[in-house]
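# Fold and contact review
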Amino acid sequence: MNLGLEFSKEREPDLKRLLAATGTQQLKDLVNDALSILEWAVEEVSADNEIASVNEEKEVYRVLSTPVLDRVARKARGEAAA
């Protein structure tokens, strides 16, 4: 499937930085990886699990919150959309 995706000029530096940071050559590969992560996150949140960054040494626990994952969590809990 061929999708034409448009990104704002403001996001262009972010995309270039992510391509460089990950050593990814093509934007399609970066998007495919991002979709894989989102699929996994949706499955986890649907199962009432949190997606979090944990630093045990510093005892820091940060939950990932995005509009998409928040909607999935509300749906999984049977709550009305906000």
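Look above for the structure.
Residues numbered from 1 in each chain as written. Predicted model: local features only at pLDDT ≥ 70, side-chain atom pairs only at ≥ 80, totals over all residues. Heavy atoms only, no water.

### With respect to the packing of helix α2 (residues 27-46) against helix α3 (residues 67-76)
- Relative orientation of the contacting elements α2 and α3 amounts to 30 degrees, with a least axis distance of 8 Å. If you check the angle between α2 and α3, you find them roughly parallel. Between α2 and α3 lies a crossing of right-handed hand. Taking contact as the criterion, the partners of L38, A41, V42, V45 and S46 in α2 are, on α3, V68, L69, V72, A73 and A76.
- When its residues are assigned to classes, the contact of α2 with α3 shows nine nonpolar, one polar and no charged. (Axes fitted to C-alpha atoms, helices over the stretch in contact; angles between N-to-C directions. Helix = DSSP H or I, 4+ residues; strand = E, 2+ residues; numbered from the N terminus. Parallel < 35°, antiparallel > 145°, perpendicular 65-115°, else oblique. Left-handed = near helix turned anticlockwise from the far one by under 90°. Contact = heavy atoms within 4.5 Å. Nonpolar A, V, L, I, M, F, W, Y, C, P; charged D, E, K, R; others polar.)

### Section: the pairing of strand β2 (residues 60-63)
- Pairing geometry for strand β1 (residues 52-55) and β2, over four bridges, is antiparallel. Of the residues in β2, the one forming a bridge with A52 is V63.
- Counting the residues that bridge the hairpin from β1 to β2 gives four residues, and of these E59 lies at a positive phi of roughly 55 degrees. (Pairing = 2+ DSSP bridges.)

On their own, these measurements won't tell you what the molecule is for.
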